[in-house]
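Spelled out from the first residue to the last, the chains are:
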Amino acid sequence: MWYLLRKLGLLLLTAWAAITLNFLLPRLMPGTPADAAIAKLAQNGPVDPATRAAIEAQLGVPTGDAWSQYIQYLGNVFRLDFGVSYTFFPQNVSTLIMNALPWTLVMVGLVTIIAFIVGTLLGVLAAWKRGTWLDTLPTLGGTFTSAFPYFWTALLLVFFLGYQLKWFPTSGAYGRESTPNLSLAFINDAIGHAWLPALTILITSLGGWILGMRNNMINTLGDDYVTFAEANGLRSRTVAIKYAARNAILPNLTGFGLALGGVVGGSLLVEQVFNYPGVGYLLFNAVTNQDFPLMQALFLMITISVLLANFLVDILYGLLDPRTRR
């Protein structure tokens, strides 16, 4: 319980620091959000003070001293009120994120979990059967695919599986004639559109999990407690899973926590290539159009998700290795 409370306290402290930093960064940048909007208008001619005042009121530019703004900002964060998006005006930032988040969580999240599980199991198998084809095949395959950039793999899949073979749709999350709902027809349509971006993420991330787990496992197999377990006549599968893999998986869990936290941020390049309406695609539009409220909300959401994912990994560490609770 003391270990859990310490980790929870650290999580809350770090979250408060992230929220505060998220408040300070836009205010340390030169200019204001209204300046960016006025600069675009100024390309067509001078902007009078009345127009500037109207734009500031419309965009909700903060007023008052820094402390009052900070208190107001904290209240808005707890209410999930991040203002109005400049890019998709007059839509609310929270609404935009809530609409994009399910697409990212379902597609990127599931693929990240599948890649971790499959890659870890293949890494365990490769290490346990080192020197055989069961080691050579996953290792060479993982080394080969992990060298592929996201965007290059995505373009190859689009060209061969989308345009040449016409097996999958090449862009979007569903067909133009479909309307989002929970019907079986729409779910099948959405799954068909998710295949290519999912394959891109799976192909490019699987190799890292395989190689990382294999190297950790090989180091663990040389430890005395593994030799002792084998000498006691335990089954090979029991020694591999319950003794060697349980300790070898700890470094991989750290990487999985970071990857799981990054799921909320989406795979920006992949979503951009496939025009997939996830959080990564939303973030790209926010940065391109200098949409400060949307960027601020997305950065905060990504930071908090990484913190929560690492908190869960710390708890798993405590369960798998009791030494970490000391």
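Just so it is clear, the structure is predicted and the values come from calculations on it, not from any experiment. (Residues numbered from 1 in each chain as written. Predicted model: local features only at pLDDT ≥ 70, side-chain atom pairs only at ≥ 80, totals over all residues. Heavy atoms only, no water.)

Chemist: Residue-level account of the packing of aromatic side chains, with values.
Modeler: Enumeration according to the criterion identifies 2 aromatic pairs in this entry. With centroids separated by 5.1 Å and ring planes inclined at 85°, the aromatic side chains of F116 and W209 adopt a geometry described as edge-to-face. Remark: W209 occurs in helix α8 (residues 184-221) and F116 occurs in helix α5 (residues 93-128); sequence separation between them is 93 residues. A relative accessible area of 11% means that W209 is categorised as buried. (Phe/Tyr/Trp six-rings, centres within 6.5 Å; stacked < 30°, edge-to-face > 60°. Helix = DSSP H or I, 4+ residues; strand = E, 2+ residues; numbered from the N terminus. Buried < 20%, exposed > 50% of the residue type's maximum accessible area, 1.4 Å probe, protein only.)

Chemist: Can you explain a nonpolar patch on the surface? Please cite residues and give values.
Modeler: On the surface, V106, L110, I113, I114, I117, V118 and L121 cluster together into a nonpolar patch covering about 610 Å² of accessible area. Here I117 lies in helix α5. A relative accessible area of 44% places I117 in the partly exposed class. (Patch = residues over 30% accessible without salt bridge, like charges linked within 9 Å, V, L, I, M, F, W, Y side chains within 5 Å. Areas by Shrake-Rupley, 256 points an atom, 1.4 Å probe, with all protein chains shown as cover. Salt bridge = Lys/Arg side-chain N within 4 Å of Asp/Glu carboxyl O.)

Chemist: Can you tell me about α5, naming the residues and giving the values?
Modeler: Here α5 is 36 residues long and its end C-alpha atoms lie 50 Å apart, about the 52 Å a rise of 1.5 Å per residue gives. The largest bend in α5 is about 30°, located at A100, with the proline P102 one to four residues further on. N-cap assignment for α5: the residue whose side-chain oxygen lies 2.9 Å from the backbone N of S94 is N92. (Expected span 1.5 Å × (residues − 1). Bend = angle between axes of the 7 residues up to and from the residue. Polar contact = N/O pair within 3.5 Å; in protein donor to acceptor, adjacent residues only side chain to side chain.)

Chemist: How would you explain helix α6 (residues 133-146) if you had to name every residue and give the values?
Modeler: The end-to-end C-alpha distance of α6 is 19 Å, a good match for the 20 Å that 14 residues give at a rise of 1.5 Å each. Listing the buried residues of α6 in full gives D135, P138, T139 and G142. The buried residues of α6 occupy an angular sector of 100° when projected down its axis, which confines them to one face. Structural note: α6 exposes W133, L137, L140 and F144 on the side pointing more than 90 degrees away from its buried face. If you follow the buried residues of α6, they end up packed against α5 and α8. (Arc of directions from axis to C-beta. Contact = heavy atoms within 4.5 Å.)

Chemist: So what about the layout of surface pockets? Which residues, and what values?
Modeler: In this structure, the second largest pocket spans a volume of roughly 620 Å³. Together, 20 residues line the second largest pocket, and V106, M107, A190, I191 and A194 are the ones closest to its centre. Contributing elements (two or more residues each) for the lining of the second largest pocket: α5 and α8. With 9 residues, α8 is the single largest residue contributor to the lining of the second largest pocket. When grouped by side-chain class, the residues that make up the lining of the second largest pocket number 19 nonpolar, 1 polar and no charged. (1 Å grid on protein atoms, 1.4 Å probe; cavity = no way out; pocket = protein on both sides within 12 Å on 5 of 7 lines; lining within 4 Å. Points joined across faces, edges and corners; volume = space filled by probe spheres on them. Nonpolar A, V, L, I, M, F, W, Y, C, P; charged D, E, K, R; others polar.)

Chemist: Tell me about the environment of L161, and name the residues and values.
Modeler: With respect to the helices and strands, L161 occurs in helix α7 (residues 150-164). Taking the relative accessible area as the measure of exposure, L161 reaches 15% and is therefore buried. Spatially, the C-alpha atoms of L161 and L196 are 8.1 Å apart, while their sequence positions differ by 35 residues. Not counting the four nearest positions on each side in its chain, L161 is found in contact with L156, K166, W167, F168, L196 and L199.

Chemist: Please give an account of the confidence of the model for the chain that cites residues and values.
Modeler: The share of residues in the chain with pLDDT of 70 or more is 84%, and the mean pLDDT across the chain is 76. Considering each helix and strand of the chain separately, the mean pLDDT is smallest for helix α2 (residues 33-42), with a value of 66, and largest for α5, with 82. (pLDDT = per-residue confidence, 0-100.)

Chemist: Just give me the short version of the UniProt feature "transmembrane region" (unreviewed entry) in the chain, but keep the residues and values in it.
Modeler: Within the UniProt annotation, "transmembrane region" (unreviewed entry) is assigned to residues 103-128, 140-163, 190-211, 253-274 and 294-320. As a span, residues 140-163 carries 88% helix and 0% strand, and end to end its C-alpha atoms are 29 Å apart. The straight-line gap between the two end C-alpha atoms of residues 190-211 is 32 Å; of that span, 100% is helix and 0% is strand. (UniProt positions renumbered as here; feature names shortened; annotations may be inferred.)

Chemist: Before we move on, could you go through the nonpolar core and cite the residues and values that matter?
Modeler: With 23 residues, the main nonpolar core has Y73, I97, L282, L294 and L298 as its most contacted residues. With sequence-adjacent residues up to four places away left out, L294 is seen in contact with S85, F88, V93, I97, L282 and A286. Core analysis: the second largest hydrophobic core is formed by 22 residues, A127, V226, V239 and A244 among them. (Core = buried A, V, L, I, M, F, W, Y, C linked by side-chain atoms within 4.5 Å.)

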